[in-house]
Structure formats: C-alpha cells, structure tokens
Amino acid sequence: MEAFLHGMILAFGLILPLGVQNVFVFSQGATQSHLVRALPAGITAAICDTLLILLAVFGLSIIVLQFEWLRIALMSVGILFLLYMGYSIWRSNPATADNNEALPVKKQILFALSVSLLNPHAILDTIGVIGTSALKYSGTEQILFTAACVLISWLWFFGLIIAGASLKRLDSSGKLMNIFNKCSAIFIWATALYLLSGLV
C-alpha cells in the first residue's frame, strides 16, 4: 500500500504543473463542440504517459542516464518542437459560438503524440523521477507503484477535458480562452528557453 500511495503522490507532483501536454488537452476540452470530441486528445496523452511510465520503470531510465549524447539529442529536438508549439498556440483562435476551429480527430491524435513524446521536460521527469523512484521497489510493490502513476495520469487528463469544457460554458465569447492561449504560448517558449539554458 505504501508503494501505491508513493506512486500517487509522485505522479500528482509531476503532472500538476502547467505543461505543454496539459495545455493541449485542456484546450481541446475548451474548443470542441462536445466533450466526447475532445477524448482522442486525452486518451492519446494518457496512453503516451502510460508508455513512458512503463518504459521508465522497466529500465529505460538506466539507458538514457548513461548516454549524454542521447539526452542532448532528445533535448534539442524537444526545444525546436516547443518553439513551434508556442507559435501555433499563440496564433490559434479560440472557438466561440460563431467560430468553431476545433481540431479533427486525426490532428488531435498527432498533436497529442507530439506534445507527449517530443517533450523532453516530460520525458526526463518520467525517466529521471518515476524511473529512479521505482528502483526502490520490486515484485508486487513495483507493480502497485506503477499502477498508481498510470491511474493518476488517466484521471488527470480526463479532468483537464472536463475543466476545458467548463471554461467554454463560462466563456462563450472566447476572450478568456484567447488570454489562456497567449499565456500558454509564453509559458511554452519559456520552457524551451529554460531547456536551452541547460544545454549551453
């Protein structure tokens, strides 16, 4: 039980801060015409997180932490991607009653895949924190720890979709969402610059 609680607390600590992945899933909840239409983004993000958690727990962390060139390559690709994502979000128009520019299913899945698997911050957090923390456990305890991390991830992304949909009901003009988009873009650019500072 201690391993399960540890996994829950650790997963909450890593997933709560506003990040590129969270911003994207939340924005889909806010822009889609129905809650169900935002599910592809949330489900894809949750599946990616689950995959990263499983890879981190079962040994990938040891490989990545041993090869400096792999870490640098991962960070470099991620920084370029974050700069592009910030630009896209800055230019996006929030959906309103008269202007519904929500992403179709295919684009939602592709964007969710990219913000999950090309985000070096999230990958290094998962590998460096969850992966190394899992080394403390073995057998059933390790499975409970991993299950707790995965459970929190799925609950969190579905919660973000609901929160985004709630904002849309409160903000039919789209003004709040526009402010949220601008703030999100600035945050994403700041994350890219922070990661870049770690490379130079």
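Residues numbered from 1 in each chain as written. Predicted model: local features only at pLDDT ≥ 70, side-chain atom pairs only at ≥ 80, totals over all residues. Heavy atoms only, no water.

Novice: So what exactly am I meant to see when it comes to the environment of Pro120 here?
Specialist: One can find Pro120 in helix H6 (residues 120-134). For the pair Pro120 and Leu82, spaced 38 residues apart in the sequence, the C-alpha separation amounts to 9.3 Å. (Helix = DSSP H or I, 4+ residues; strand = E, 2+ residues; numbered from the N terminus.)

Novice: I would appreciate a short explanation of helix H1 (residues 2-15) in the present structure.
Specialist: It helps to recall that an α-helix has 3.6 residues per turn; residues three or four apart then point in one direction. Its 14 residues give H1 an end-to-end C-alpha distance of 20 Å, which sits within 8% of 20 Å, the value for a rise of 1.5 Å per residue. The set of residues buried in H1 consists of Ala3, Gly7, Leu10, Ala11 and Ile15. Around the axis of H1, the buried residues are gathered within 115° of arc, so they sit on the same side. Residues of H1 that are exposed and angled more than 90 degrees away from the buried face: Glu2 and Ile9. (Expected span 1.5 Å × (residues − 1). Buried < 20%, exposed > 50% of the residue type's maximum accessible area, 1.4 Å probe, protein only. Arc of directions from axis to C-beta.)

Novice: How should a nonpolar patch on the surface be read in this particular structure?
Specialist: The grouping of Leu51, Leu55, Val105, Ile109, Leu110, Leu113 and Leu117 at the surface amounts to a nonpolar patch, some 540 Å² of accessible area in total. Looking at the nonpolar patch, the elements with two or more residues in it are helix H3 (39-66) and helix H5 (105-117). A total of five residues in the nonpolar patch trace back to one element, the largest contributor, which is H5. (Patch = residues over 30% accessible without salt bridge, like charges linked within 9 Å, V, L, I, M, F, W, Y side chains within 5 Å. Areas by Shrake-Rupley, 256 points an atom, 1.4 Å probe, with all protein chains shown as cover. Salt bridge = Lys/Arg side-chain N within 4 Å of Asp/Glu carboxyl O.)

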